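# What the coordinates show
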Amino acid sequence: MLYVVVLHFIFFEYTLPFIQFTWKKLLLAPFLIFVHLILYAFGTYAWRYIGIQLHVYFPMKEYTSITEGVGDHFGNTIGSILFFGISRHIHDYRKLRQTAQQLRIEKQEAELNYLKSQTNPHFLFNTLNNIYSLARDKSDLTPESILRLSKILRFMLYETGGSFIAIEQELKIIGDYIALEQLRYDESLHVNFNYDVEDMKQALPPLLLIPLVENAFKHGVSESRDEPFVNIHLSVNKRQLAFIVKNSAEAFPEEGRVKENIGLANLRRQLALLFTDYQLLVQQDEHVFTATLNINLASHV
């Protein structure tokens, strides 16, 4: 068996790759394959003969000549090559699947990082615009808004580098962002933020919910003139997440459909990469915009 295994290793790892590289070497293919067949047939016959001489193998069939013995072993040689060839093919196929799976994972990670690299500057740009409006009006709230922004940036820099964070951390960043946005408005803005979370330590991809909150302020409240409001509710029970964001909005769009911005578009793509069971619905009525996100957290890929 050791002899046959070594011959197969040489044949599949060295001989076949050698004769496949160039056309000139293809001319050597019949000769090299013939040599291997001789080594298989004569070799296995020789091992049989040595075994008989050492009394560790007892013949079940007597051969009248070497030619007859080699010919009898020649059929076993072909079967042996086919067996090891199929085994090698299965091994290569499994290895190829593992490599393809690894490449798929790396591609998804690269795309997620790219989406984050788009979303985070977009988030920062909108927040800086808010602070700019305060600074332009020489508001006394400008230093506080900068301090709150620094807390958010510190969280984004040091806490969101991994694949998951605790839900309580996501809630904290949402609360800080709401507090930062409220500095721009007077008491006419009504914000209701509540949650019902079964396990506050449960894992969640970082900054997954903030785009919906940002969208409510940037494209909803900031464009509303009468009684602006934002209602946010998060529920996480038995690995089922439900996140509903409602905000005041101007008149229903003339096209009859909601035009999604970069934040919502990136969120949809992130959800597609992260989960297999989710639903993101956006709906705009006459003066209310509603975003509803449902995720089965157990369906994380």
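The text that follows walks through the structure, step by step, so that each part is easy to find. In every chain, residue numbers begin from 1 and rise along the written sequence. Under the rules for a predicted model, residues below a pLDDT of 70 receive no local features and side-chain atom pairs below 80 are neither given nor counted, while totals for whole chains, interfaces and linings still include all residues. Excluded from the side-chain calculation are hydrogens and water; included are all heavy atoms of the structure.

## Considering the side chain of Thr290
What counts is decided by this rule: Per the convention used, a helix needs a DSSP run of H or I reaching at least four residues, while a strand needs a run of E reaching at least two, with both numbered from the N terminus. In this scheme, a residue with accessible area under 20% of its type's maximum is buried, one over 50% is exposed, and one in between is partly exposed, where area comes from a 1.4 Å probe on protein chains only. We call two residues in contact when some of their heavy atoms are within 4.5 Å.
Within the secondary structure layout, Thr290 lies in strand β7 (residues 288–296). The buried category is assigned to Thr290, whose relative accessible area is 14%. Each residue touching Thr290, except ones within four places of it in the same chain, is listed here: Ile244, Val245, Lys246, Leu281, Val282 and Gln283.

## Considerations on the pairing of strand β6 (residues 278–284)
Rules: When DSSP locates at least two bridges between a pair of strands, those strands are taken to pair.
Strand direction decides the pairing type here: β6 and β7, joined by seven bridges, are antiparallel. For Leu281, the partnering residue across the bridge sits in β7 and is Thr292. Counted between consecutive antiparallel strands, the loop separating β6 from β7 contains three residues.

## Brief notes about the packing of aromatic side chains
Rules: Two aromatic rings from Phe, Tyr or Trp, using only the six-membered ring of Trp, form a pair when their centres are within 6.5 Å; if the ring planes differ by under 30 degrees the pair is stacked, by over 60 it is edge-to-face, and anything between is tilted.
Within this structure, the stated rule accounts for two aromatic pairs. Measuring from ring centre to ring centre gives 6.0 Å for Tyr177 and Phe217, while their planes differ by 85 degrees; the resulting arrangement is edge-to-face. Here Tyr177 is found in helix α6 (residues 167–182), whereas its partner Phe217 is found in helix α7 (residues 210–218), with 40 residues between them in sequence. Judged by its relative accessible area of 1%, Tyr177 falls in the buried class. Judged by its relative accessible area of 0%, Phe217 falls in the buried class. Ring centres 5.8 Å apart and planes at 55 degrees place the aromatic pair Phe193 and Tyr195 in the tilted group. With a relative accessible area of 24%, Phe193 lands in the partly exposed category. What makes Tyr195 partly exposed here is its relative accessible area of 45%.

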